[in-house]
Amino acid sequence: MASTSRWAGLGALAVFLAVLPQVLPNNYYVDVAVLAGFNAIVCVGLNLLIGYAGQISLGHAGFFGLGAYSSAILVTHYGWPPLAALLAGALLVGLLAFAIARPILKLKGHYLAMATLGIGIIISIIINTEAQITGGPDGIAAGNFTLGGFELKGERAWYWVIAVLLLVTVWLATNLVDSPVGRALRALHGSEVGAEVVGVDTTRYKVLVFVVSAVIASIAGSLFAHYTSQLTPTKADFFKSIELVTMVVFGGMASTFGALVGAAFLTMLPQVLTVFEDYEPIILGGIMMGTMIFMPRGLVPTISAFLTRRRS
Amino acid sequence: MTLLLVEQLGKEFGGVHAVSDLSFTIKSGTIHSIIGPNGAGKTTLFNLITGIYTPSSGRICFDGKEIAGRAPFELAQWGMSRTFQNLQIFFNMSAMENVMVGHHLHLDRRFLPSLLRLPGIARGDEKARDISAELMRFVGLEAYVKAEAQSMPYGALKRLEIARALASKPKLLLLDEPAAGLNATESREIDEVIEKVAQSGVTVVLVEHDMKMVMGISDHILVLDYGRKLAEGTPDEVRNNPVVVAAYLGGGAAP
Ligand SMILES: Nc1ncnc2c1ncn2[C@@H]1O[C@H](COP(=O)(O)OP(=O)(O)OP(=O)(O)O)[C@@H](O)[C@H]1O
Ligand SMILES: [Mg+2]
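Residues numbered from 1 in each chain as written. Chains lettered and ligands numbered in written order. Predicted model: local features only at pLDDT ≥ 70, side-chain atom pairs only at ≥ 80, totals over all residues. Heavy atoms only, no water.

A.B. asks: Got a minute to help me understand the pairing of strand β7 (residues 172-176) of chain B in this structure?
C.D. replies: The side chains of a regular strand alternate, first on one face of the sheet and then on the other. All names here are of chain B. In terms of burial, β7 is a largely internal element, 5 of the 5 residues being buried. Of the two faces of β7, the one holding L172, L174 and D176 and the one holding L173 and L175 are both buried throughout. Strand direction decides the pairing type here: strand β6 (residues 80-82) and β7, joined by 3 bridges, are parallel. From the neighbouring strand, R82 faces β7, where its bridge partner is L174. The pairing of β7 with strand β8 (residues 203-207) spans 5 bridges and is classified as parallel. (Buried < 20%, exposed > 50% of the residue type's maximum accessible area, 1.4 Å probe, protein only. Helix = DSSP H or I, 4+ residues; strand = E, 2+ residues; numbered from the N terminus. Pairing = 2+ DSSP bridges.)

A.B. asks: How do you make sense of the coordination of the magnesium ion (ligand 2) when you look at a structure like this?
C.D. replies: In an ideal tetrahedron of four donors about a metal, each angle is 109.5 degrees. In an ideal octahedron of six donors, the angles are 90 or 180 degrees. The coordination sphere of the magnesium ion (ligand 2), as far as protein atoms go, consists of T43 of chain B (OG1) and Q85 of chain B (OE1), spread over 1.9 to 2.0 Å. On the criterion of sequence distance, the pair formed by T43 of chain B in helix α1 (residues 42-49) and Q85 of chain B in the loop between β6 and α3 (95-102) is long-range, its members being 42 residues apart. (Donors = N, O, S within 2.8 Å, 3.2 Å for Na, K, Ca; no water.)

A.B. asks: Can you help me understand the site of ligand 1 in this one?
C.D. replies: Residues and elements named next belong to chain B. The immediate surroundings of ligand 1 are formed by 14 residues, with G39, K42, T43, T44 and Q85 found nearest. The separation between an oxygen atom of ligand 1 and a polar side-chain atom of T43 is 2.7 Å. It is α1 that provides the largest number of residues to the shell around ligand 1, a total of 3 residues. Taken together, the residues of the shell around ligand 1 break down into 5 nonpolar, 7 polar and 2 charged. (Near = heavy atom within 4 Å. Polar contact = N/O pair within 3.5 Å; in protein donor to acceptor, adjacent residues only side chain to side chain. Nonpolar A, V, L, I, M, F, W, Y, C, P; charged D, E, K, R; others polar.)

A.B. asks: Please clarify how the pairing of strand β1 (residues 2-13) of chain B should be interpreted in this entry.
C.D. replies: Residue and element names in this part refer to chain B. Two elements, β1 and strand β2 (residues 16-27), share 8 bridges in a ladder whose sense is antiparallel. When the bridges of β2 are listed, E12 appears paired with H17. Alignment of β1 against strand β4 (residues 57-62), held across 5 bridges, turns out to be antiparallel. Bridge pairing in β4 places G10 opposite S57.

A.B. asks: Sorry, what's going on with the sheet that holds β8 of chain B here?
C.D. replies: Pairing between the strands of a sheet is mediated by backbone hydrogen bonds and can be parallel or antiparallel. Residues and elements named next belong to chain B. What the 6 strands build is an open sheet, ordered β6-β7-β8-β3-β9-β10; its pairing is mixed. Two strands lie at the open edges of the sheet, namely β6 and β10 (228-233), each paired on one side alone. With strand direction ignored, the average angle separating the axes of adjacent strands in the sheet is 20°. Lying over the sheet, helix α6 (residues 154-167) contacts β6 and β7, oriented at roughly 165° with respect to β7. Lying over the sheet, helix α7 (residues 184-199) contacts β3 (31-35), β7 and β8, oriented at roughly 150° with respect to β8. (Axes fitted to C-alpha atoms, helices over the stretch in contact; angles between N-to-C directions. Contact = heavy atoms within 4.5 Å.)

A.B. asks: Explain the domain arrangement of chain B here, please?
C.D. replies: Accessible area lost on assembly of the parts is the figure often given for the size of an interface. Residues and elements named next belong to chain B. Split into domains, chain B comes out as domain 1 (1-79 + 170-255) and domain 2 (88-169). Placing a centre on the C-alpha atoms of domain 1 and another on those of domain 2 gives a separation of 26 Å. Listed per partner, the contact involves 18 residues of domain 1 and 12 residues of domain 2. Roughly 1200 Å² of surface becomes buried between domain 1 and domain 2 when both sides are summed, with 70% attributable to carbon and sulfur atoms. For the pair domain 1 and domain 2, the interface holds 1 salt bridge. Counting across the domain 1 and domain 2 interface gives 3 residue pairs in polar contact (both at pLDDT 80 or more). Elements supplying a minimum of two residues to the side of domain 1 that touches domain 2: α2 (72-78), β7 and α7. The biggest single contributor to the side of domain 1 that touches domain 2 is α7, with 6 residues. Grouping the constituent residues of the side of domain 1 that touches domain 2 by class yields 10 nonpolar, 2 polar and 6 charged. (Domains from an automatic or database assignment. Buried area = accessible area lost by both parts, 1.4 Å probe. Salt bridge = Lys/Arg side-chain N within 4 Å of Asp/Glu carboxyl O.)

A.B. asks: Help me understand the sheet that holds β2 of chain B in this model?
C.D. replies: Spatially, 4 strands are ordered β2-β1-β4-β5 (chain B) in an open sheet, and the strand pairing comes out antiparallel. Strands with a single pairing partner mark the edges of an open sheet, and in this sheet they are β2 and β5 (65-66) of chain B.

A.B. asks: Is there a simple way to explain the packing of aromatic side chains in this structure?
C.D. replies: Geometrically, a pair of aromatic rings is defined through the distance of the ring centres and the angle of the planes. Residues and elements named next belong to chain A. All chains considered together, the criterion is met by 11 aromatic pairs over all chains. An angle of 85° between the planes, with centres 5.8 Å apart, marks the rings of F63 and F210 as edge-to-face. Separated by 147 residues along the polypeptide, F63 in helix α3 (residues 60-78) and F210 in helix α10 (residues 202-227) bring together distant segments of the chain. For the pair shown, F63 and F210 are each scored as buried. (Phe/Tyr/Trp six-rings, centres within 6.5 Å; stacked < 30°, edge-to-face > 60°.)

A.B. asks: Could you clarify how one ought to interpret the interface of chain B and chain A in this entry?
C.D. replies: Contact residues are listed per partner, giving 35 residues for chain B and 29 residues for chain A. Counting the surface lost from both chain B and chain A, the interface buries some 2700 Å², and carbon and sulfur atoms represent 63% of this. Our count for the chain B to chain A interface comes out at 2 salt bridges. Here E97 of chain B ties to R186 of chain A by a salt bridge, and the two come within 3.1 Å at their closest N and O atoms.

Right, here's the structure in full:
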């Protein structure tokens, strides 16, 4: 069923990403697009967890931050090659996510929200206080991403890397959703006991999707550390986690393309709305509430349901 | 051959003895019905057998193996599946996908091949789709092959749960009130489906209030009352058992 629409969606995304830099007037806009791309990659992963499997995480910025700081620290303090640092960060985050998910995911709902909230806050506190290695609130500079003799520099070059990475992430996510693994994830969202009695090890799948979404966040974080001139703890704090969840919920739960739209919209909002910085919690809260009340399924699923109804 | 053995089984909920000192066996290849008034402990018994609850006392053996402490998904691997009195449909998925999830154990479900959608995964899904469509026809859901679960009527969802359970290829299928809320015609159709399932070699345990259905298709009936065994035997034996008639079937309920 989904295979033709999946390729159509991927194709449309590829065309959009290819055309976008041609119409962006200057590098300031390209920078915003790159930032939206980073958020979109994280959100596609987070949507597997929240939208498809029906679990919640209020700490994904922590995983993003852990990946980012692993890269920054290993590269600046220990001279690691960026790719090795990225992989080490992903491994660390994967193991951490696994270790906390295993006991917590056996429980339901609020426990997971509280636990992930706690993890996110702890990571954020450590980053802020361990100033000797993390740079504390001032941040740390990871330098450019290099691979072999190649050095990744400038908004436009980064744009293409992130665009390709986003396409690959979307491709993998849509593959997964429409596979036995993805159906198991969606099934345990629908009815855990219903999934169990036909052989789905629901705990295992919840752990799996939690780890996968955390590792995606970590990889994006590692790359972000090299993209940004100065990595600061705000990228790993509680508000960033809430921002990520809001992107997923607003764009559309259980919709990979919804996650993209949500990420793009909420990345652009602060650029248009100069008061955003001062009122961020209120604005995010307002968007979240508005979404819940007026379109609980999120923007993209609501629009697509509306269009199918009009057509038939 | 004994497929299921229940011995001195008990389940307590804070002082309420939902099931107590219950022993019985189920032979493979039969339709075994469990009847009893509301609150008799039938659903609790199903939850104990399928690993959703852990017994307070006693033991259950399935296919010669002790099920104590096993999770429902493990028991499904051993060949047990069920439907629910209160629907446990995946309303976020299509009808077809609901049945495909039932086929989970028989598919290549490794993470990396799924992530990359290797040809084997696509082929497996294609086959699962065919099998699921076949099963949907089998339970009389041919009209809903393309439907979303959330748009289906209650009676169809009852059948969808049966199709999903069958997709896991169980040896033992437990049906908790499959005809509840259905009209007479629909009940007769479910009747036929259950008989066809039994003929295909699946052992069926049926909880049902529809006495006409129970008396018509059961090989063996177990009567529960307040969590205890009241009587047991063939439909004729149970029908003519004065204790059962007095306690449960009453005057007019028996056909
Ligand atoms: N999870 C639970 N917690 C507390 N009490 C329970 C629980 N499950 C069942 N009970 C109690 O156990 C008793 C048996 O309930 P059960 O649902 O097994 O009955 P039943 O035979 O399936 O009834 P019905 O025909 O209405 O479906 C009831 O008194 C019920 O209130
Ligand atoms: Mg019941």
